[in-house]
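Single-letter residue listing:
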Amino acid sequence: MRRPSPRLLLACVLFILLALAPILTIFVGNDYPLIVLTRVLILAMAAVSLDLILGYGGMVSLGHAAFLGLGAYAVGIMTTEGVTSGLVQWPLAILLTALVALVIGALSLRTRGVYFILVTLAFAQMIYFVSVGLDAYGGEDGLVVPTRSRFSVLDLSDRTSFYFLCLVLLFAAIAFVAHLARTRFGLVLRGAAMNERRMRALGFPVYRYRLAAFVIAGALCGLAGILLANHSEFVSPSIMNWGRSADLIIMVVLGGIGSAVGPLLGAMVFMLAEETLSHLTTYWQLIFGPLILIFVRFARSGLIGLFPERSGDG
Amino acid sequence: MTRLLEVEGVHAAYGPSEVLFGISLHIEEGEVITLLGRNGMGKTTTVRTILGLMRCSAGGVRWQGGPIGNRPSHIVARLGLGYVPEGRRIFPNLSVRENLLVAGRDRESSSAWNLERVLDFFPRLAERLDNGGAQLSGGEQQMLAIGRALMTNPSLLILDEATEGLAPIVREEIWRRLHQLKQTGLTILIIDKELDELCALADRHYVIEKGEIVWSGDSAALQADAGVQATYLAV
């Protein structure tokens, strides 16, 4: 029998630690660590979804936060309008993000490289300004979400239950993306990132595969948005300003592109840095920026690169 | 014999500069044919035009009787044209196993090429299944590129400079494998420079010069015609 790979071990250890984290709140005496960690899990899920197109598919989208915003706004607006059942809210919100991803993807995937980056950014900015213009739903000031989504079996307003829900969903998302990467679909996506023409000459309509990946990634990020609205009980355009899209890219690159666990690692380190450095100074990016530069110089395959995929490698 | 591929008066151009001026050739099922000629004469362009990787501005390509000229390359590939491009072009970020599996068609048949059969055919690949494509030697990459094309179970295998830049001993192995493939009845179109090997393997040859077919004939005729060899093939 083969020894489990260091990367698989890392994933197991991470999830066990995260599952034990609520105990921490007992010692600290308040919910603050749990609130921060829940946010980490949610943004990690958004980063995992971005990794599917960026890391595996080689599509650098600078508009991914738009799907986070769409999922969050869908929940916020439905709650405001009196639709509070999660069984209605969640599927509708995911369907909406998937449809928008289909439209954005269908148009932007006709471009390549830097044009793709700019087109995805442009679409995300359009959605951002639509949310700013939603005067009925708070406009620029944002919208308070009065109640969390209602499920008969689960009370989302209980912080610990909500934390575990996010953890389970994140685990499922990572397992799903890791599995997808190994299917024929994933192989076509990964191979085409290196040589698109070659993949077409093998008989694969690359555009359709990429579009499917873009829609899956958008829908998954929409789910993260749903969780974020429930977590903050507040949605505002700042959820999806373009800096957030850049943050997600940093998380993916920091953790290691093209590995399903990497973005979780990246999100944890990113948020930890934000938490600790912003206590030191308001201009915490001034410290974080150079750190990233140094990091990218010396660990090009990201944090996950420190944990080989196969036992015996490196 | 049935006619598998027919190219009729194909013209093609890179932007404003034309490179093919009415190429015509045909391949019968089970045949091995070659495209010969010096560098830059249009051999690779001819193949790329057949595969839909390049637009043909005039003329037509027929596959098993039906027109396929200017169809998207992924559709042409699905019809049964397997391509081993010049410079190998394997996927460096996929493992050997993944490089092969991605190309596999789900056609079930005992004679069909699948992972096991490709690994039997190229045992060296079996030893390197979990290696990344970029970690292979040039010869292994070439075997992988051929194996990947076989995984699509092509009716026509097109090889562009399959032995270029390889060590003599590896080249020998590749040629041996190509003879074996011919014996299975596979139709092959091959571009290469090793005339002796090509004459031993192929049934017929086409010589391309400046985008036109200037000579065609069988191996015996080619070997007998010192003039063709001196005029069009000598470096």
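Computed from a prediction, not measured in an experiment: that's the story for all the values here.

1. Topic: the sheet that holds strand E3 (residues 32-36) of chain B
Two orientations exist for strands paired in a sheet by backbone hydrogen bonds: parallel and antiparallel. Residues and elements named next belong to chain B. Reading across the sheet, the 6 strands line up as E6-E7-E8-E3-E9-E10 and stay open at both edges, with mixed pairing between neighbours. Edge positions in the open sheet fall to strand E6 (81-84) and strand E10 (212-218), since each of these has one partner strand only. The sheet shows a mean angle of 15° between the axes of neighbouring strands, taken without regard to direction. With 4 bridges connecting them, E6 and strand E7 (residues 156-160) associate as parallel partners.

2. Description of the environment of B:Ile23
All names here are of chain B. Within the secondary structure, Ile23 sits in strand E2 (residues 17-28). Spatially, the C-alpha atoms of Ile23 and Gly211 are 7.0 Å apart, while their sequence positions differ by 188 residues. Excluding residues within four positions of it along the chain, Ile23 makes contact with Val7, Glu8, Gly9, Val10, Thr46, Ile208, Gly211, Glu212 and Ile213.

3. Notes on the confidence of the model for chain B
Per-residue confidence for chain B gives a mean pLDDT of 91, with 97% of residues at or over 70. Reported confidence for the predicted complex is 0.87 by ipTM and 0.91 by pTM.

4. As for the packing of aromatic side chains
Residues and elements named next belong to chain A. What the rule picks out here adds up to 13 aromatic pairs over all chains. Ring geometry for Phe15 versus Phe171: centroids 5.0 Å apart, planes at 90°, classification edge-to-face. Taken together, the residues span a long stretch of sequence, with Phe15 in helix H1 (residues 6-20) and Phe171 in helix H7 (residues 159-182) at a distance of 156 residues. Classification of Phe15 by relative accessible area gives buried; the value is 11%. With 5.8 Å between their ring centres and 25° between their planes, Phe185 and Tyr209 make a pair best called stacked. Of this pair, Phe185 sits in helix H8 (residues 184-194) while Tyr209 sits in helix H10 (residues 206-232), placing them 24 residues apart in sequence. The pair Phe185 / Tyr209 is uniform in exposure class, with both members buried. The structure contains a cluster of three or more aromatic residues connected by ring pairs, namely Phe67, Phe116 and Phe214. In this arrangement the basic side chain of Arg148 is found over the ring face of Phe162, its NZ or CZ atom lying 4.8 Å from the centre. When the ring centre of Phe298 is taken as origin, the NZ or CZ atom of Arg297, which lies over that ring, is 4.9 Å away.

5. Section: the interface of chain A and chain B
Where the parts come together, the accessible area they lose is often given as the size of the interface. Taken together, the 19 residues of chain A in the interface contact 23 residues of chain B. With both sides pooled, the region where chain A packs onto chain B buries about 2,000 Å², and carbon together with sulfur makes up 57% of that total. Contact with chain B buries area across many residues of chain A, yet A:Leu187, A:Arg198 and A:Leu202 alone supply 30% of it, more than any other trio. Linking chain A to chain B there are 1 salt bridge. The closest approach of N and O atoms between B:Glu98 and A:Arg190, which form a salt bridge, is 3.1 Å. Viewed at the interface, chain B and chain A are joined by 5 residue pairs in polar contact (both at pLDDT 80 or more). At the level of elements, H8 and helix H9 (196-201) of chain A are the ones that each hand at least two residues to the side of chain A that touches chain B. A per-element tally of the side of chain A that touches chain B places H8(A) first, with 6 residues. Across the side of chain A that touches chain B, the residue classes break down as 8 nonpolar, 3 polar and 8 charged.

Quick notes on the rules
- Residues numbered from 1 in each chain as written.
- Chains lettered and ligands numbered in written order.
- Predicted model: local features only at pLDDT ≥ 70, side-chain atom pairs only at ≥ 80, totals over all residues.
- Heavy atoms only, no water.
- Pairing = 2+ DSSP bridges.
- Helix = DSSP H or I, 4+ residues; strand = E, 2+ residues; numbered from the N terminus.
- Axes fitted to C-alpha atoms, helices over the stretch in contact; angles between N-to-C directions.
- Contact = heavy atoms within 4.5 Å.
- pLDDT = per-residue confidence, 0-100.
- Phe/Tyr/Trp six-rings, centres within 6.5 Å; stacked < 30°, edge-to-face > 60°.
- Buried < 20%, exposed > 50% of the residue type's maximum accessible area, 1.4 Å probe, protein only.
- Lys NZ or Arg CZ within 6 Å of the ring centre and 35° of its normal.
- Buried area = accessible area lost by both parts, 1.4 Å probe.
- Salt bridge = Lys/Arg side-chain N within 4 Å of Asp/Glu carboxyl O.
- Polar contact = N/O pair within 3.5 Å; in protein donor to acceptor, adjacent residues only side chain to side chain.
- Nonpolar A, V, L, I, M, F, W, Y, C, P; charged D, E, K, R; others polar.

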